[in-house]
Amino acid sequence: MPDNDSIQAGKNYGIGIPQKSDGFFLKGSASLDWGVKNRLAQIFCPKSGNSVMLAFDHGYIMGPTSGLERMDLTIVPLIDYADCIMCTRGALRSIVPPTVRKPLSLRFSAGSTILTDLNDECVMDIDEALRVNATILAVMVAVGDPKHEALTIRNLTKTVDLGMKYSIPAMGVTAVGKELVRDARYLSMASRVCAENGAHVIKTYYCEKDFAQVVNSVPVPIVIAGGKKLPEKEALDMAYRAISDGASGVDMGRNIFQSDSPAAMIQAVREVVHKGAKPEQAYKLYEELKNKK
Ligand code: R5P
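So, here's what we can say about the structure. (Residues numbered from 1 in each chain as written. Predicted model: local features only at pLDDT ≥ 70, side-chain atom pairs only at ≥ 80, totals over all residues.)

### Digging into the site of the ligand
Stated precisely, the cut-off is as follows: Should the C-beta atom of a residue, placed from the backbone, lie within 6 Å of a molecule or strand, that residue is near it. Put simply, DSSP H or I for four residues or longer makes a helix, DSSP E for two residues or longer makes a strand, and each gets a number counted from the N terminus. Classes in brief: Ala, Val, Leu, Ile, Met, Phe, Trp, Tyr, Cys and Pro nonpolar; Asp, Glu, Lys and Arg charged; the others, Gly included, polar.
Not every one of the 13 residues close to the ligand is listed here, only the nearest: Ala55, Ala225, Gly226, Gly253 and Arg254. Mapped onto the shell around the ligand, the elements with two or more residues apiece are β10 (249–252) and α10 (254–257). When the residues that make up the shell around the ligand are grouped by side-chain class, the tally is 5 nonpolar, 5 polar and 3 charged.

Okay, here's the thing in structure tokens:
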């Protein structure tokens, strides 16, 4: 308790200096609560506005996929280069050191695997998100999937409602399925449905044609998944085109951890996402870092 005797009357009121009332750097996020903004600002760099999220949650539907057999050996060394990690609670507790000071995109929906019927999912308990200090909750949404569309949209709305009790934002992850075509028309619709149902960030796929239309049809930030492994130059080119079209970053997995040199690749991706490096420049950096011992 302060010592009563030493209390001095305040004098420094900055009269004549209006208090700054800054907006918020992320698209569509200015009216959110302080806690939500603070979490989003941990994920997205306030200077570039963008984020390199490292996704390694694939095991929840695929099992030990290539590059993720021993996550302690392949993923942990990459975490320093990521702005945010995206994983399951299982991977988090078993291989991610609790000393890691990176925001966490927690895989919050789960339920089926590639062996059966994808997207038949439920969401976790919000208490679990609090226990692991989740920064954002990632939920799969299968727009257009006749069996699971309603279920997965309900999963998203439930997650938004639960998360907002504690100012934890939600990321809608647009699912793909055998019948779903990854074109601008579909991706715009799926992304917009996620945003309208309360997702604060959308994770979707890049499409060659009219990706700017996908970005502009959604009132919140979009990050792209990397998708299947491409040659490094092509993956950097895809990231460049997505950022140029207005994406706020990448949530990339296989194109990083299945690369010939994952550490070099994630650093090259950073150059594109945060500094707007052209694909050729970024690829040059990748080669330099890869060949450096
Ligand atoms: C997709 O639902 C998974 O959760 C992955 O996080 C996502 O596909 C990103 O990984 P990749 O860049 O390998 O596509």
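### Quick look at the environment of Ala247
Within the secondary structure, Ala247 is located in the loop between α9 (232–244) and β10. Expressed as a C-alpha distance, the spacing of Ala247 and Met71, which sit 176 residues apart in the sequence, is 28 Å.

### Comments concerning the packing of α9 against helix α11 (residues 262–275)
Stated precisely, the cut-off is as follows: Lines are fitted to the C-alpha atoms to define the axes, a helix being fitted only along its stretch in contact, and any angle between axes, read from their N-to-C directions, falls within 0 to 180 degrees. Geometric relationships in this document are graded by angle, where less than 35 degrees denotes roughly parallel, more than 145 denotes roughly antiparallel, 65 to 115 denotes roughly perpendicular, and other angles denote oblique. Take the far helix as the reference: if the near one is turned anticlockwise from it by less than a right angle, the crossing is left-handed, and if turned clockwise, right-handed. Contacts here follow a simple rule: the backbone-placed C-beta atoms of the two residues must lie within 7 Å.
Viewed as axis vectors pointing N to C, α9 and α11 meet at an angle of 25°, and their least axial separation amounts to 9 Å. Comparing their axes, α11 and α9 come out roughly parallel. At the point where α9 passes α11, the crossing takes the right-handed sense. Touching Glu232, Leu236, Ala239, Tyr240 and Ile243 of α9 are Met265, Ala268, Val269, Val272 and Val273, all from α11. Considered class by class, the residues forming the contact of α9 with α11 number 9 nonpolar, no polar and 1 charged.

### Details of the sheet that holds strand β8 (residues 201–204)
To be explicit about the condition: Should DSSP find at least two bridges between two strands, the strands are taken to pair.
Read around the closed barrel, 8 strands run β1-β2-β3-β6-β7-β8-β9-β10, paired in parallel fashion. Between one strand and the next, the sheet's axes are offset by a mean angle of 25°, whatever the strand orientation.

### Section: helix α6 (residues 149–165)
Since the α-helix turns once every 3.6 residues, residues separated by three or four places project in the same direction. What counts here: Expected helix span is given by 1.5 Å per residue-to-residue step, counting one fewer step than there are residues. Backbone-placed C-beta atoms define the burial measure: a residue is buried with 20 or more other C-beta atoms within 10 Å of its own, exposed with 12 or fewer, and partly exposed in between. Directions from the helix axis toward the C-beta atoms define the arc.
Taking 1.5 Å of rise per residue, the 17 residues of α6 would be expected to cover 24 Å, and the 25 Å separating its terminal C-alpha atoms lies within 8% of that figure. Among all positions of α6, only Thr152, Asn155, Leu156, Thr159, Val160 and Gly163 are buried. All buried residues of α6 project into a common sector of 130° when viewed along the axis, lining one side. Seen from the buried face of α6, the exposed residues on the opposite side, beyond 90 degrees, are Ala150, Asp161 and Lys165.

### Thoughts on helix α12 (residues 279–291)
For α12, which comprises 13 residues, the first-to-last C-alpha distance of 18 Å matches the rise-based estimate of 18 Å (1.5 Å per residue) to within 8%. Where α12 is buried, its residues contact α9 and α11.

### Describing unusual backbone geometry
Phi is positive for Ser167, which is not a glycine, with a value near 60°. By secondary structure assignment, the location of Ser167 is in the loop between α6 and β7 (170–174). Residue Ser167 is classed as partly exposed on the basis of its C-beta count, with 14 C-beta atoms lying within 10 Å. Of note in this structure, Asp210 is not a glycine but carries a positive phi near 60°.

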